[in-house]
Amino acid sequence: MPAAVSPAPAELRLTELAEANRPAQLPLLTRIAEVLSASPAVTHLLVRGSLASGTADRLSDVDFVVGVHDRDLSAFTSALDDLMTVEGGALLPGWRDTIVADLGGVGFVFLVQYEGRLQQVDLYLAPASRIAELGRKVGGKTLLERPSAGITAAHTEQARAHVAEFTTRPRTCAELLIEHLVLAVLLHKRIRRGQRFVAYAEWHMLHTATKDLIKTALVPESAFWGWYRLREELARTPIGRTCLADLDAAITSPAVPGTDDVTAALDRVLALTARACPNALDGLADAVTAYRAYLELV
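In this text, all values refer to a predicted model and were calculated from it rather than measured experimentally.

Caption draft 1: Up close: the packing of aromatic side chains. Under the defined criterion, the tally for this structure stands at three aromatic pairs. A network of ring pairs unites the aromatic residues Phe108, Phe110 and Phe166 as a single cluster. Stacked on the ring of Phe166, the Lys or Arg Arg96 has its end atom at 5.7 Å from the ring centre. Sitting over the face of the ring of Phe166, Arg169 holds its NZ or CZ atom 4.9 Å from the ring centroid.

This is the structure in structure tokens:
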């Protein structure tokens, strides 16, 4: 039997270099792909973003487009939070992504605790009937492609109606609190990367989420849109006046935040939530603890 041939020194160096530059998120990407592809409703999995283009860093998110048979899109969307928390390791339900472009589906951002860090997992659910068009727009790498026969016009209309209803329904206090947690993680990434313009935009989103949380908790039947007539509606009660003071503190913070500003904003929102809608905190203690641990690592 011939003796094994050891790799040449150059080959060893290349192997070590490839391993050293292997994105740390790849095992997580593999795990989430296995979780999603186990469902017979899933017809396609596309990886997009920096992991698909080879430009990932240690802060990069795991970004999937998930094709779902049109007839199953509503049921799969409803089951996704349980699937991701039980099987995927997500700390809390997904945030309904309002940053991602409208591509005919629904987007979610999950925070997954992985190897001592909070990793961001973006899932964009799209009807299988639109995957070919969507793939041309976003590119990416195809991990899974199954036959999606049997899609009827009725199925397509059912999927379209589900997306329209899901993306326009009002958010609950719990969903708005989750939005704060996700945006706080995103903001820390922007600050670390020096992405000041994006940090500015997401900082404003966080303040808007705070305003929406207050209105949802205290004046859910408000006839006014956006920021209009907040003082007139909220200053009628002591709790409303305290929440207005919290919101005033938020909007008078720096236009582009630092990490301490983000931490202070989240502390303020958690205190506001405990005061105005404490039920929204149910089940989120582990997520908040993990977030605090994440701050110590970034």
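And the narrative resumes.
Caption draft 2: Region of interest: the pattern of salt bridges. Under the counting rule described, the total for this entry stands at eleven salt bridges. Among the ionic pairs, Asp212 bridges to Arg171, the shortest N-O distance being 3.5 Å. Here the residue Asp212 occupies a position in helix α8 (residues 196–218), and Arg171 occupies one in the loop between α6 (153–168) and α7 (173–193), the gap between them amounting to 41 residues. Where salt bridges share partners, they join Arg171, Glu179, Lys211 and Asp212 into one cluster.

Caption draft 3: Here's a closer look at the sheet that holds strand β1 (residues 42–48). Here we have six strands laid out as an open sheet, ordered β3-β4-β5-β2-β1-β6, and mixed in their pairing. Each of the sheet's edge strands pairs with one partner strand only, and the pair in question is β3 (95–96) and β6 (141–145). As paired strands, β3 and strand β4 (residues 106–114) are joined by two bridges and run antiparallel to one another. Note that in β4 the partner of Arg96 across the bridge is Phe108. Lying on the sheet, helix α4 (residues 73–86) is in contact with β1, β2 (62–68), β4 and β5 (117–127); it crosses β5 at an angle near 170°.

Caption draft 4: Structural detail: the environment of Arg130. With respect to the helices and strands, the residue Arg130 is situated in the loop between β5 and α5 (131–138). In the structure, Arg130 is positioned 27 residues away from Leu103 in sequence and 8.8 Å away in space, judged by C-alpha atoms. Excluding residues within four positions of it along the chain, Arg130 makes contact with Leu103 and Gly104.

Caption draft 5: Local environment of the nonpolar core. The biggest cluster of nonpolar side chains holds 44 residues, and the ones touching the most others in it are Leu92, Trp95, Leu118, Val182, Leu213 and Tyr291. Of all the elements in the fold, those that place two or more residues in this core are β4, α7, α8, α9 (230–234), α10 (238–251), α11 (259–276) and α12 (285–297). Ranked by the residues each element gives to this core, the list is headed by α7, at eleven residues.

Caption draft 6: Structural context of the confidence of the model for the protein chain. In this model, the protein chain carries a mean pLDDT of 88, and residues with pLDDT of at least 70 account for 91%. The element-level mean pLDDT for the protein chain is lowest in helix α1 (residues 9–20), coming to 44, with α8 highest at 97. This stretch, residues 1–20, has a pLDDT under 50; its non-local contacts, to residues over four places away or in other chains, come to one contact.

Caption draft 7: Seen up close, the side chain of Gln120. Its location among the elements puts Gln120 in strand β5. The exposure class of Gln120 is buried, given its relative accessible area of 8%. Side-chain polar atoms of Gln120 contact the side chain of Asp122, separated by 2.9 Å. At 2.7 Å, the side chain of Gln120 forms a polar contact with the side chain of Lys189.

Caption draft 8: Quick peek at α4. In this model α4 runs 20 Å from its N-terminal to its C-terminal C-alpha over 14 residues, within 8% of the 20 Å that 1.5 Å per residue would give. On the buried face of α4, the contacting elements are α2 (26–37), β1, β2, β4, β5 and α6.

Rules used in this analysis
Residues numbered from 1 in each chain as written. Predicted model: local features only at pLDDT ≥ 70, side-chain atom pairs only at ≥ 80, totals over all residues. Heavy atoms only, no water. Phe/Tyr/Trp six-rings, centres within 6.5 Å; stacked < 30°, edge-to-face > 60°. Lys NZ or Arg CZ within 6 Å of the ring centre and 35° of its normal. Salt bridge = Lys/Arg side-chain N within 4 Å of Asp/Glu carboxyl O. Helix = DSSP H or I, 4+ residues; strand = E, 2+ residues; numbered from the N terminus. Pairing = 2+ DSSP bridges. Contact = heavy atoms within 4.5 Å. Axes fitted to C-alpha atoms, helices over the stretch in contact; angles between N-to-C directions. Core = buried A, V, L, I, M, F, W, Y, C linked by side-chain atoms within 4.5 Å. Buried < 20%, exposed > 50% of the residue type's maximum accessible area, 1.4 Å probe, protein only. pLDDT = per-residue confidence, 0-100. Polar contact = N/O pair within 3.5 Å; in protein donor to acceptor, adjacent residues only side chain to side chain. Expected span 1.5 Å × (residues − 1).

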